[in-house]
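# Per-entry structural report
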Amino acid sequence: MTAAATPAPSAADSDLVRAARGLPVGRTPVWFMRQAGRSLPEYRALRAGTAMLQACQDPDLVTEITLQPVRRHGVDAAILFSDIVLPLVVAGVDIEIKPGVGPVVADPVRTVADVDALPGLEPDRLDFLATAVRRLVAELGPTPLIGFAGAPFTLATYLIEGGPSKEHARTKAFMYAEPEAWVRLLDRLAVSAATFLRVQVDNGASAVQLFDSWAGVLSAADYGTRVLPHSRAVFDGLGDREVPRIHFGVGTGELLALIGDAGADVVGVDWRVPLDEAARRVGPGRSLQGNLDPAVLLADRATVDREVRRVVEEGRAARGHVFNLGHGVLPETDPGALTHVVDLVHELSVR
């Protein structure tokens, strides 16, 4: 009698997906926010002469840039190379990413009329995205692809501030002074983000991450009443698509439980809260992602090893743990340090 063939490994049963669902894993999965980007010399060479938002809409470049860190570091997941403002740009909002500054909006949203004039994102404008995701899934095989989108609040901050901001004062003032227009704005942004993610999932992405980069500027009360329902609407917009949902923000230690309540299977944690404490705040029903301080990777190898061991140990308190940084890879990071972290996490966590 011929023995039954061993099923080929699949992205849907990868350690990343299993950890996100709280299932047993072979080893703790590792990936890095901004793993595809400026820390890699091959990325800088490929991007030379091509604007960021142009690169994000070129399926050939998106595919190659997304694959680069998987090849180099052996990470357990790819994250789609994209930008947080891309759905707005594709819809027709005039935004330029200025080097050293970030996204700059030509005509910021400052009035109720500005909100109502914002164009919607039509799915037929996302053919480039569908093409890139299909190509990536074919290339990645059993390595999962994580879909990417910006959360409504963070997109609203760029639209209202006109660019990056430290205080987000205009955004919060608009939120307080124009509550009905605020709801309409975030409703529209939630529909856009859900549309962006659905295209990725429908073409093979194995998980999604919603980035609410600036949610940490809010109080828990404001987040819970004025933002959380719109983030939940993004996840609800995925319908019955069975992919894990990851939700991440910076400076959100006081919001961790609420971020989970928005519909996340996995709560991303920045470096400010230890993972064992984050597990207590989030509760037993969700996995955690994080949370090595990106600056640690600029230190000596002994320091890196000590901090990685700490994060791996603290992550054992969670239902499931996806090792990551507490924010994105810094541009000056030695790529060799990232490869070393992947190897060390795998060595420490193999079951």
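Higher on the page you've got the structure.
These numbers come from a predicted model, not from an experiment. (Residues numbered from 1 in each chain as written. Predicted model: local features only at pLDDT ≥ 70, side-chain atom pairs only at ≥ 80, totals over all residues. Heavy atoms only, no water.)

### Some remarks on helix 9 (residues 169-177)
Given 3.6 residues per turn, any residue in an α-helix points the same way as the ones three and four places further on. Selection rule: Here the term buried applies to any residue with accessible area under 20% of the maximum for its type, exposed to any over 50%, and partly exposed to those in between, with areas from a 1.4 Å probe on protein chains only. Secondary structure is summarised from DSSP: a helix means a run of H or I of at least four residues, a strand means a run of E of at least two, and numbering begins at the N terminus for each. Comment: arc refers to directions from the helix axis out to C-beta atoms. Residues are treated as being in contact if the distance between any of their heavy atoms lies within 4.5 Å.
Along helix 9, the residues that are buried comprise Thr 171, Phe 174 and Met 175. Relative to the axis of helix 9, the buried residues are bounded by an arc of 100 degrees and lie together on one face. In this fold, the buried residues of helix 9 make contact with helix 6 (112-116), helix 8 (152-161), helix 10 (179-202) and helix 11 (220-236).

### A look at the environment of Val 296
Turning to its location among the elements, Val 296 is positioned in the loop between strand 8 (287-292) and helix 14 (301-315). With relative accessibility at 13%, the residue Val 296 sits in the buried group. Each C-alpha atom, one on Val 296 and one on Val 217, is 24 Å from the other, the two residues being 79 residues apart in sequence. With residues near it in sequence (within four places) discarded, Val 296 still touches Thr 303, Val 304 and Glu 307.

### Brief notes about the packing of aromatic side chains
Heads up, the rule is: The criterion for an aromatic pair is that two Phe, Tyr or Trp rings (for Trp, the six-membered ring) have centres within 6.5 Å, with stacked assigned to planes under 30 degrees apart, edge-to-face to planes over 60 apart and tilted to the rest.
One pass over the structure, following the stated rule, counts three aromatic pairs. Aromatic side chains Tyr 43 and Phe 81 sit 5.8 Å apart centroid to centroid with 65 degrees between the ring planes, which places their arrangement in the edge-to-face category. Of the two residues, Tyr 43 sits in helix 2 (residues 41-47) while Phe 81 sits in the loop between strand 1 (78-79) and helix 5 (86-91), which places them 38 residues apart along the sequence.

### Side note on the environment of Asp 83
We apply this condition: We define a polar contact as two N or O atoms separated by no more than 3.5 Å, with the added condition that, inside protein, one atom must be a possible hydrogen donor and the other a possible acceptor, whereas residues neighbouring each other in sequence contribute only through side-chain atom pairs.
Residue placement: Asp 83 occurs in the loop between strand 1 and helix 5. Judged by relative accessible area, which is 13%, Asp 83 ranks as buried. Spatially, the C-alpha atoms of Asp 83 and Asn 324 are 19 Å apart, while their sequence positions differ by 241 residues. When near neighbours in sequence (up to four residues on either side) are disregarded, Asp 83 contacts Met 52, Leu 53, Cys 56, Ile 97 and Phe 148. Looking at Asp 83, its side chain comes within polar contact range of the main-chain nitrogen of Val 85, at 3.0 Å.

### Remarks on helix 14
The test is simple: Residue count minus one, scaled by 1.5 Å, sets the expected span of a helix.
Look at helix 14: 21 Å from first C-alpha to last across 15 residues, which is about the 21 Å you get at 1.5 Å a residue. Where helix 14 is concerned, the buried positions are Thr 303, Val 304, Asp 305, Glu 307, Val 308, Val 311, Val 312, Glu 314 and Gly 315. Looking at the buried side of helix 14, the elements it contacts are helix 13 (275-282), strand 8, strand 9 (321-325) and helix 15 (335-349).

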